[in-house]
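Working through the structure, step by step
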Amino acid sequence: MNPIEGPAKRLSVFVDEDDLWHHRPVYAEIVSRAREAGLAGATVIRGIEGYGASRHLHTGRFLSLSEDLPLTVIIVDVAERIEAFLPGLDELLVNGGLVIVEDVEVVRYVGRQA
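Residues numbered from 1 in each chain as written. Predicted model: local features only at pLDDT ≥ 70, side-chain atom pairs only at ≥ 80, totals over all residues. Heavy atoms only, no water.

**A short note on the sheet that holds strand S1 (residues 6–16)**
The test is simple: A pair of strands is considered paired only if DSSP assigns at least 2 bridges between the two. Think of it this way: any DSSP run of H or I at least four residues long counts as a helix, any run of E at least two long counts as a strand, and we number them from the N terminus. Axis definition: a line fitted to C-alpha atoms, limited for helices to the stretch in contact. Angles are taken between N-to-C directions and run from 0 to 180 degrees.
With antiparallel pairing, four strands are arranged side by side in an open sheet as S4-S7-S1-S8. Each having just a single partner strand, strand S4 (42–46) and strand S8 (98–106) make up the two edges of the open sheet. Here the average twist between neighbouring strands, direction ignored, is 25°. When S1 meets S8, the two strands line up antiparallel, connected through nine bridges. Residue pairing in the sheet places proline 7 in a bridge with glutamate 105 of S8.

**Structural notes on the pattern of salt bridges**
Basically, it comes down to this: Salt bridges, as used here, are contacts in which a Lys or Arg side-chain nitrogen is within 4 Å of a carboxyl oxygen on Asp or Glu. Relative accessibility decides the category of a residue: with a 1.4 Å probe and only protein chains considered, values under 20% of the type maximum give buried, values over 50% give exposed, and everything between is partly exposed.
Following the criterion strictly, the structure yields seven salt bridges and no others. The residue glutamate 17 makes a salt bridge to arginine 46 at a minimum N-O spacing of 3.1 Å. Of this pair, glutamate 17 sits in the loop between S1 and strand S2 (20–21) while arginine 46 sits in strand S4, placing them 29 residues apart in sequence. Here arginine 46 falls in the partly exposed class, since its relative accessible area comes to 49%. In this structure, glutamate 29 engages arginine 24 in a salt bridge whose closest nitrogen and oxygen atoms are separated by 2.9 Å. You can call glutamate 29 buried: its relative accessible area is 10%.

**Notes on the packing of aromatic side chains**
Aromatic rings considered in pairs are described by the distance between their centres and by the relative angle of their planes. As a reminder, the rule being used: The rule is short: rings of Phe, Tyr and Trp, with Trp giving its six-membered ring, pair when the centres are within 6.5 Å, and they are stacked under 30 degrees, edge-to-face over 60, tilted in between. Over a ring means this: the NZ of a Lys or the CZ of an Arg is within 6 Å of the ring centre and within 35 degrees of the ring normal.
Evaluated as defined, the whole model comprises zero aromatic pairs. Seen from the ring of tryptophan 21, arginine 33 lies directly overhead, with NZ or CZ sitting 4.7 Å from the centre.

**Structural notes on the environment of arginine 33**
Stated precisely, the cut-off is as follows: Contacts are assigned to residue pairs that have any heavy atoms within 4.5 Å of one another.
Its place among the elements puts arginine 33 in helix H1 (residues 26–36). A C-alpha to C-alpha distance of 8.6 Å links arginine 33 and phenylalanine 85, two positions 52 residues apart in sequence. Beyond its immediate stretch of four places on either side in the chain, arginine 33 contacts Trp21, Phe85, Gly88, Glu91 and Leu92.

**Focus on the confidence of the model for the protein**
As a reminder, the rule being used: By definition, pLDDT measures how confident the predictor is in each residue, and it falls between 0 and 100.
Summarising the model, the protein shows a mean pLDDT of 88, and 89% of its residues fall at 70 or more. For the protein, per-element mean pLDDT is lowest for strand S6 (residues 58–59), which scores 70, and highest for H1, which scores 98.

Now the structure itself:
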């Protein structure tokens, strides 16, 4: 576990649930790569509705569209590790996506006991 406290960066990657990379969900590949890179942690959050650059509405209100909801992968770590991770996202986001990096302050980061 990489202990972090104080100034850090939050990386948020917005993708669609059905985006694939080599027959694997893009969000799962991002989380896997983050883990392999030793980043502090990653979380995938499923949205209930949204749209992006294509302006195509993704919503869970209609059964026919409920399998392509917006997802956000959030990773928080120190600036150096986040910046080193960014170039690898380019090949994963061939179908589109949004990547943002924000300054954050880590107040508490404690893992569970194994």
